[in-house]
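One-letter residues, chain by chain:
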Amino acid sequence: MKKALVISGGGSKGAFAGGVAEFLMKEKNQTYDLFLGASTGSLMVSHLALGKILELKKLYTSVNQNSIFSNNPFRIKTVHGEKVISIRHLNTFWNFLNGRKTFGESKNLRRLIRRNITEAMYTAIREQHKDVVITVSNITTNTIEYKSILDCSYDDFCDWIWGSCNYIPFMSLLEKNHCQYADGGFGCLVPIRQAILRGAKEIDAIILETEIPKLNRLPAKNPFSLMLNVFDFMLEHVEKHNVTIGKLSAKHNDVKLNLYYTPTVLTTNSLVFDKKLMTKWWQYGYEHAKFKNDSFRSTEFRAELIDK
């Protein structure tokens, strides 16, 4: 029976998904044949396919803004203990002056990907016949594309991961094969149905949003904050659509589907990479998965007692 691990997009909230995956793979001894990711999820699945959880944890609890952005469009201030985001107008102006198509550049992320997802890892995944699938949004053809490691060269695979992580227009635009590619989450934030189409009969899906909306956003104060709010609004509805379609497809194909949502709102801006917070979220994800599984076992035990 083919089993799949699916990780949604969510930027820095990927640290929470890492904690959940650590519990599932280390404590529950879950093994997977198929790994699918969108956006930050695409950055995680290669390590998870090889069981390199400690290496992934080190990566997700050590990055900061400079690890991601070569030209950071955001200014982050701490006001009364809370992080407040504004735009670095000089940086965005510099990008436009140089004829670039986005407000910021994420070339540092591209280098980070090649340093941490090595050609040796790429070869090992293929030799173990693990299928690692990256979700990208082709904004030229207006389609969602799924790139399997089994069909890509190493260089192409790294490009697709980078493209899937690029939250435009604040990060770089991947231009490849005469097309422009962006964050996989724009088209499919939670690729559950794709896992089913690839033959999965049991799926653990980590969704980096709360199951029920728990946040009223503050009014936008400038065009950039308004743009972020609009994107968050659209992605929240993309996520709900993906999960609904995934549930229906799982029911129709008799697939066991386990969903792991974040129990609380972790952040209102997942493009802020704070090492201290991400370390906390990793542990939070681990503890939440443990609690969810302990609660599930208790429910099963009570059901057995009732049956007897």
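Figured I'd write up the structure that's included with this text.

Cut-offs used in this document
- Sequence order as written defines residue numbering, which begins from 1 separately in each chain.
- Only residues with pLDDT of 70 or above have their local features reported here, since the model is predicted, and side-chain atom pairs are shown and tallied only from 80 upward, although totals for entire chains, interfaces and linings are computed over all residues.
- As a convention, hydrogens and water are excluded, and side-chain values are obtained from all of the structure's heavy atoms.
- Numbering goes from the N terminus for both helices and strands, where a helix is a DSSP run of H or I of at least four residues and a strand is a run of E of at least two.
- Definition of a polar contact: a pair of N or O atoms within 3.5 Å, with one able to donate and the other able to accept a hydrogen when the atoms are protein atoms, and with sequence-neighbouring residues admitted only if both atoms are side-chain atoms.
- Working definition of a nonpolar core: buried Ala, Val, Leu, Ile, Met, Phe, Trp, Tyr and Cys residues. They are joined through side-chain atoms within 4.5 Å.
- Exposure classes here rest on a 1.4 Å probe applied to the protein chains alone. A residue is buried below 20% of its type maximum, exposed above 50%, and partly exposed in between.
- Here a residue-residue contact requires only that any non-hydrogen atoms of the pair lie within 4.5 Å.
- Structural elements are reduced to axes, namely lines fitted to C-alpha atoms, with helices fitted over the stretch in contact, and the angle between N-to-C directions of any two is expressed from 0 to 180 degrees.
- Comment on the angle field: the value is read as roughly parallel under 35 degrees, roughly antiparallel over 145, roughly perpendicular from 65 to 115, and oblique elsewhere.
- Left-handed describes a crossing in which the near helix is turned anticlockwise from the far one by less than a right angle; the clockwise case is right-handed.
- Side-chain classes follow a simple rule in which Ala, Val, Leu, Ile, Met, Phe, Trp, Tyr, Cys and Pro form the nonpolar group, Asp, Glu, Lys and Arg form the charged group, and the remainder, Gly included, forms the polar group.
- Paired rings are identified among Phe, Tyr and Trp, the last through its six-membered ring, by centres lying within 6.5 Å, and are further divided according to the angle between planes into stacked (under 30 degrees), edge-to-face (over 60) and tilted (the rest).
- Two conditions define a charge sitting above a ring: the NZ of Lys or the CZ of Arg must be within 6 Å of the ring centre, and it must be within 35 degrees of the ring normal.
- The salt bridge definition used is simple: a Lys or Arg side-chain nitrogen within 4 Å of an Asp or Glu carboxyl oxygen.
- A patch consists of residues exposed above 30% relative accessible area that lack any salt bridge, with like charges linked at up to 9 Å and nonpolar side chains (Val, Leu, Ile, Met, Phe, Trp, Tyr) linked at up to 5 Å.
- Computed with a 1.4 Å probe, the accessible areas rest on the Shrake-Rupley method; for each residue, only the protein chains presented here act as cover.
- Charged residues are defined narrowly, with Lys and Arg counted positive, Asp and Glu counted negative, and His plus the chain ends left uncounted.
- Charge placement uses NZ in Lys and CZ in Arg. For Asp and Glu, CG and CD serve respectively.

Remarks on the side chain of Thr61
Positionally, Thr61 belongs in the loop between helix H3 (53–60) and helix H4 (65–68). Reaching out from Thr61, the side chain makes a polar contact with the backbone oxygen of Lys57 at a distance of 2.6 Å.

Quick word on the nonpolar core
Residues Leu48, Tyr60, Leu109, Val132, Phe157, Phe170 and Ile206 are the most contacted members of the largest nonpolar core, which totals 68 residues. With eight residues, helix H1 (residues 14–27) is the largest single contributor of residues to this core. Leave out the neighbours within four places in its chain, and Ile206 touches Leu5, Val6, Ile7, Ser8, Ala17, Val20, Ala21 and Tyr260. In terms of nonpolar packing, the next biggest core, distinct from the first, is built from 20 residues, Leu36, Leu189, Val190 and Tyr261 among them.

Some details on the packing of helix H2 (residues 40–49) against H3
Where H2 meets H3, the closest approach of the two axes is 8 Å, and the angle between their N-to-C directions is 150°. On the basis of the axis angle, H2 is roughly antiparallel to H3. Of the two elements, H2 crosses H3, and the hand of that crossing is right-handed. Here H2 contributes Thr40, Leu43, Met44, His47 and Leu48 to the contact with H3, which in turn contributes Ile53, Glu55, Leu56, Leu59 and Tyr60. Of the residues assigned to the contact of H2 with H3, the class counts are seven nonpolar, two polar and one charged.

Considering the packing of aromatic side chains
Applying the stated criterion across every chain yields a total of 14 aromatic pairs. Considering the side-chain rings of Phe74 and Phe170, the 5.3 Å spacing of their centres and the 35° angle between planes classify their relative orientation as tilted. You can see Phe74 sitting in strand S3 (residues 74–79) and its partner Phe170 sitting in the loop between helix H8 (154–165) and strand S7 (174–176), a full 96 residues away along the chain. Feature note: the residues Phe69, Phe74, Phe96, Phe103, Tyr167, Phe170, Phe186 and Phe231 constitute an aromatic cluster, connected by ring pairs. If you follow Lys147 out to its NZ or CZ, it ends over the ring of Trp160, 4.3 Å from the centre.

Describing the pattern of salt bridges
This structure, assessed with the given rule, holds ten salt bridges. One salt bridge in this structure joins Lys240 and Glu236, with 3.6 Å as the shortest N-O distance. Of the two residues, Lys240 and Glu236 both sit in helix H10 (residues 223–252), four residues apart, roughly one turn of that helix. Overall, Lys240 belongs to the partly exposed group, its relative accessible area being 30%. Taken together, the salt bridges that share partners define one network made up of Arg110, Asp156, Asp159 and Lys176.

So, a nonpolar patch on the surface
Taken together, the side chains of Leu90, Phe93, Trp94 and Leu97 define a hydrophobic patch exposed on the protein surface, amounting to about 500 Å² of accessible area. As for its placement among the helices and strands, Phe93 is situated in helix H5 (residues 89–97).

Description of H2
Within H2, ten of the ten residues are buried, which leaves it mostly tucked inside the rest of the structure. When we look at burial in H2, the residues that qualify are Thr40, Gly41, Ser42, Leu43, Met44, Val45, Ser46, His47, Leu48 and Ala49. In the segment just after H2, Gly51 is the residue with positive phi, at about 70°.

Concerning a positive patch on the surface
Taken together, the side chains of Arg100, Lys107, Arg111 and Arg115 make up a positively charged region of the molecular surface. Relative to the elements of secondary structure, Arg115 occurs in helix H6 (residues 107–116). Note on Arg115: relative accessible area 57%, which makes it exposed.

Some words on unusual backbone geometry
Note that the residue after Ile168, namely Pro169, is joined by a cis bond; omega there is 5°. Within the secondary structure, Pro169 is located in the loop between H8 and S7. Positive phi values are uncommon outside glycine, yet His178 reaches one of about 65°. As for its position among the elements, His178 is in the loop between S7 and strand S8 (179–182). Given the relative accessible area of 84%, His178 is considered exposed.

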